[in-house]
Amino acid sequence: MEFKELLKFLSFTEKLKCNTRHSWTSDGRRESVAEHTYRLCVFSWALKENFPDLDMQKVLLMCLFHDLGEAITGDIPSFEKTKEDKEKESRLLFAYIESLPESQREELKSLLEELEEDESKEAHLVHALDKMEAVIQHNEASIDTWLPLEYDLQLTYGDEQIAKVEELQGLRDLIREASKEKIKNKK
């Protein structure tokens, strides 16, 4: 990528640092999309030995770019995000990607199309980890930041995605138990 194009792309991705999510951090501030993305990447890297048959480099790249559209649209909480919101985000992101140099454009389009199609084991893993990371973050934040609907959501969020990755069920169970404990102790 030429340096001018690189600086434009970095400026675009910087929006992920500015755009906050519905989630809060353990020190009481809103989490940025970039912070969520970073920890999702760490999460996938830490589990690489658990999935020897998967292309974990592809998983890591999918994690890195999974919320890139939120640089344009911002974050919309999952319980508010509509099919139309998802389609708009995808359409705007793919239009932006067309402005990238060909090699980066094709690689990024391919990764994001595979992720959207959600048919590969790599895409299943990314979607499952993405949901679990959000639940973990909620468990780490003060329960005062939770909306009433999140008490139930914490116990079920991501179950559909995790069902596609059997190896993660034990981890999801541990996270669910932590949510139950947090709700019980209200802290």
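See the structure shown above.
Bear in mind that the values here come from a model prediction, so they are computed numbers and not experimental data.

Rules of the game
- Residues numbered from 1 in each chain as written.
- Predicted model: local features only at pLDDT ≥ 70, side-chain atom pairs only at ≥ 80, totals over all residues.
- Heavy atoms only, no water.
- Core = buried A, V, L, I, M, F, W, Y, C linked by side-chain atoms within 4.5 Å.
- Buried < 20%, exposed > 50% of the residue type's maximum accessible area, 1.4 Å probe, protein only.
- Helix = DSSP H or I, 4+ residues; strand = E, 2+ residues; numbered from the N terminus.
- Contact = heavy atoms within 4.5 Å.
- 1 Å grid on protein atoms, 1.4 Å probe; cavity = no way out; pocket = protein on both sides within 12 Å on 5 of 7 lines; lining within 4 Å.
- Points joined across faces, edges and corners; volume = space filled by probe spheres on them.
- Nonpolar A, V, L, I, M, F, W, Y, C, P; charged D, E, K, R; others polar.

Turning next to the nonpolar core. One recurring pattern in soluble globular proteins is that nonpolar side chains are buried together. Of all hydrophobic cores here, the largest spans 39 residues; its most connected members are F51, L112, L125, L129 and L168. Of all the secondary structure elements, the ones that give two or more residues to this core are helix 1 (3-18), helix 2 (33-46), helix 3 (56-65), helix 5 (83-97), helix 6 (102-117) and helix 7 (121-140). Broken down by element, the residue count for this core peaks at eight residues, all from helix 7. Once you skip the residues sitting within four places of it in the chain, L112 turns out to touch F65, L93, F94 and I97.

Quick look at the layout of surface pockets now. Volume-wise, the largest pocket comes out at about 1000 Å³. D67, K81, K86, D130 and K131 are the residues nearest the centre of the largest pocket, which is lined by 37 residues in total. When contributions to the lining of the largest pocket are tallied by element, the ones reaching two or more residues are strand 1 (20-24), helix 5, helix 6, helix 7, helix 8 (150-156) and helix 9 (159-162). A total of seven residues in the lining of the largest pocket trace back to one element, the largest contributor, which is helix 7. Looking at the lining of the largest pocket residue by residue, the classes come out as twelve nonpolar, eleven polar and 14 charged. As a volume, the second largest pocket reaches approximately 260 Å³.

So far we have only geometry, and geometry alone does not tell us how the molecule works.
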